[in-house]
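Architecture and fold: a report
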There are 2 protein chains.
Amino acid sequence: MTGQVRTVDGRVAGRRGQATRQKLLDCLSEMLSSSPYRDVKVIDVARKAGTSPATFYQYFPDVEGAVLEIAEQMAAEGATLTELLQGRSWAGKAGWQTAQELVDGFLEFWRKNDAILRVVDLGAAEGDKRFYKLRMKILNSVNNSLADAVAELQAKGRVDKDVNPAAVAGSLVAMLAAVASHQKGFSSWGVKQAELKPNLALLVHLGVTGRKPTK
Amino acid sequence: MTGQVRTVDGRVAGRRGQATRQKLLDCLSEMLSSSPYRDVKVIDVARKAGTSPATFYQYFPDVEGAVLEIAEQMAAEGATLTELLQGRSWAGKAGWQTAQELVDGFLEFWRKNDAILRVVDLGAAEGDKRFYKLRMKILNSVNNSLADAVAELQAKGRVDKDVNPAAVAGSLVAMLAAVASHQKGFSSWGVKQAELKPNLALLVHLGVTGRKPTK
DNA sequence: CGGTAAGCTGACGGCATGACAGGACAAGTG
DNA sequence: CACTTGTCCTGTCATGCCGTCAGCTTACCG
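Residues numbered from 1 in each chain as written. Chains lettered and ligands numbered in written order. Predicted model: local features only at pLDDT ≥ 70, side-chain atom pairs only at ≥ 80, totals over all residues. Heavy atoms only, no water.

1. What about the protein's contact with DNA strand C?
The full set close to DNA strand C counts 18 residues, and B:Arg11, B:Gly14, B:Thr20, B:Thr51 and B:Tyr59 are the nearest of them. Of everything in DNA strand C that lies within 4 Å of the protein, sugar and phosphate atoms constitute 69%. A distance of 3.2 Å separates a phosphate oxygen of DNA strand C from a polar atom in the backbone of B:Ser52. If you list the elements that add at least two residues to the surface near DNA strand C, you get α2 (42-48) and α3 (53-59) of chain A together with α1 (15-34) and α3 (53-59) of chain B. For the surface near DNA strand C, the leading source of residues is α3(B), giving 4 residues. (Near = heavy atom within 4 Å. Polar contact = N/O pair within 3.5 Å; in protein donor to acceptor, adjacent residues only side chain to side chain. Helix = DSSP H or I, 4+ residues; strand = E, 2+ residues; numbered from the N terminus.)

2. A closer look at a positive patch on the surface
Judged by side-chain charge, A:Lys156, A:Arg158, A:Arg211 and B:Lys212 come together as a positively charged surface patch. Within the secondary structure layout, A:Arg158 lies in the loop between α7 (129-155) and α8 (165-181). (Patch = residues over 30% accessible without salt bridge, like charges linked within 9 Å, V, L, I, M, F, W, Y side chains within 5 Å. Areas by Shrake-Rupley, 256 points an atom, 1.4 Å probe, with all protein chains shown as cover. Salt bridge = Lys/Arg side-chain N within 4 Å of Asp/Glu carboxyl O. Lys, Arg positive; Asp, Glu negative; His and termini not counted. Charge placed at Lys NZ, Arg CZ, Asp CG, Glu CD.)

3. Focus on the relation of the copies chain B and chain A
Rotating chain B by 180° and moving it 0.0 Å along the rotation axis overlays it on chain A with an RMSD of 0.1 Å. Read as a symmetry element, the transformation amounts to a two-fold axis. Scanning chain B for the C-alpha nearest the rotation axis identifies B:Met175, at a separation of 2.0 Å. Interface overlap between copies is the fraction of interface residues in one copy that are interface residues in the other; for chain B against chain A it reaches 100%, indicating a shared surface. (Least-squares fit on C-alpha atoms with pLDDT ≥ 70 in both. Contact = heavy atoms within 4.5 Å.)

4. Describing the packing of α8(A) against helix α10 (residues 193-209) of chain A
Residue and element names in this part refer to chain A. With their axes 10 Å apart at the nearest point, α8 and α10 run at an angle of 170° to one another. What the angle tells us is that α8 and α10 run roughly antiparallel. Counting all contacts with α8, which are made through Val168, Leu172, Met175, Leu176 and Val179, the residues of α10 involved are Leu196, Leu200, Leu203, Val204, Gly207 and Val208. Across the contact of α8 with α10, the residue classes tally to 10 nonpolar, 1 polar and no charged. (Axes fitted to C-alpha atoms, helices over the stretch in contact; angles between N-to-C directions. Parallel < 35°, antiparallel > 145°, perpendicular 65-115°, else oblique. Nonpolar A, V, L, I, M, F, W, Y, C, P; charged D, E, K, R; others polar.)

5. Considering the domain arrangement of chain A
Residues and elements named next belong to chain A. Per the domain assignment, the segments making up chain A are domain 1 (1-61) and domain 2 (74-209). On a C-alpha basis, the centroid separation for the pair domain 1 and domain 2 is 31 Å. Residue-level contacts link 4 residues of domain 1 with 6 residues of domain 2. Summing the contributions of domain 1 and of domain 2, the shared interface buries around 390 Å²; its carbon and sulfur component is 73%. Taken together, domain 1 and domain 2 are joined by 0 salt bridges. Where domain 1 packs against domain 2, one counts 1 residue pair in polar contact (both at pLDDT 80 or more). Classifying every residue of the side of domain 1 that touches domain 2 gives 3 nonpolar, 1 polar and no charged. (Domains from an automatic or database assignment. Buried area = accessible area lost by both parts, 1.4 Å probe.)

This is the structure:
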């Protein structure tokens, strides 16, 4: 997948180089968690990593470029989201279980990577194709699995024919992502995390199967 | 509501001052539509408005402050979203109509103000209380109406008792907002706008009533 | 017409950006 | 061990934006 890691000016990075590069990425990641995206400066990241701005520019064209790199790593790691739906059933009690575990896993993944996902979301919303494709890559596994589930139920005649599986799946995934991004919002809105999850699972189950879950 | 408009150093703004102030806001708004938030610079906004950076700083503490102002104006205008749900029924064919019109109105509002809403969303997700409250203010009308509708149906025994109306309403609103933000994403994902709307309406109807709509 | 406050800008120190050349360092070679 | 090679890092510099201030112009009012 990833060929050789290269510097901006074309040299191949050796062991030491890759270490500093990664350190810069880690520091940037940390920085994104603690300050607004707009205020993250190259010089701060470099200082935090105990190096100089010039070094940063040796490995990345700019902050955006480095963010893309971090997001790429996260996307690879996020392939585990597929497991949340692989071979699961949407029928009866098992369906309710599936919905719950999907919500659980999704929210946790999002919370763990919230800072970087915020930026990816922004970039995608602003129309940047690179961020946009990355967002797809991350959500694709879940999205496809959900769409398949809907399509399958539709083939069995248990879901209306005028339902568009891709549209429903995409909307549900967008919902999960949005709720995860604004989890704190809900809490001060009188809804606790523990209460939020089952209600989300209910909505997912309703969306996929068109029916209330049997608990 | 709005007291007197004041400059940063405390002077009250007169007719001319308010005009330039508004012009700066308009130019900033335009700028946000055409370039990434991170790259919007005070000097560009000032140039576009035919004035100097110093003038900008006379009226706003920084870019963020000006964005808040624009968002505040939009929030006031967005009160019209309430009408989408005021006195509507969720029963039978009327319910389907209600869901469709809600989706329609919501998506249009979001599309019309997408640039500024992106920034508000980011600020809220980053934990900035000012943006966060603003986002609530905008979504509150729809959110409350939806929660009321769910609670009402619940009181009639047509919705399960363990459903949390606020959680469901919040999730649905978050879904609408997220889908609206990434409308372009869906289109290149094989789902056309026209197809998207009825599927969203279906999900909203399912979420509120727990049942498929009668069309 | 003179006073007062609003409105605007040129100019400036400070800082971030991004490029380059050259020094420091590790590893291999004779 | 000296020497070479290629990687790695940083000092430095030109450029450009930030945010502030003093001071000039304009509008209003008695």
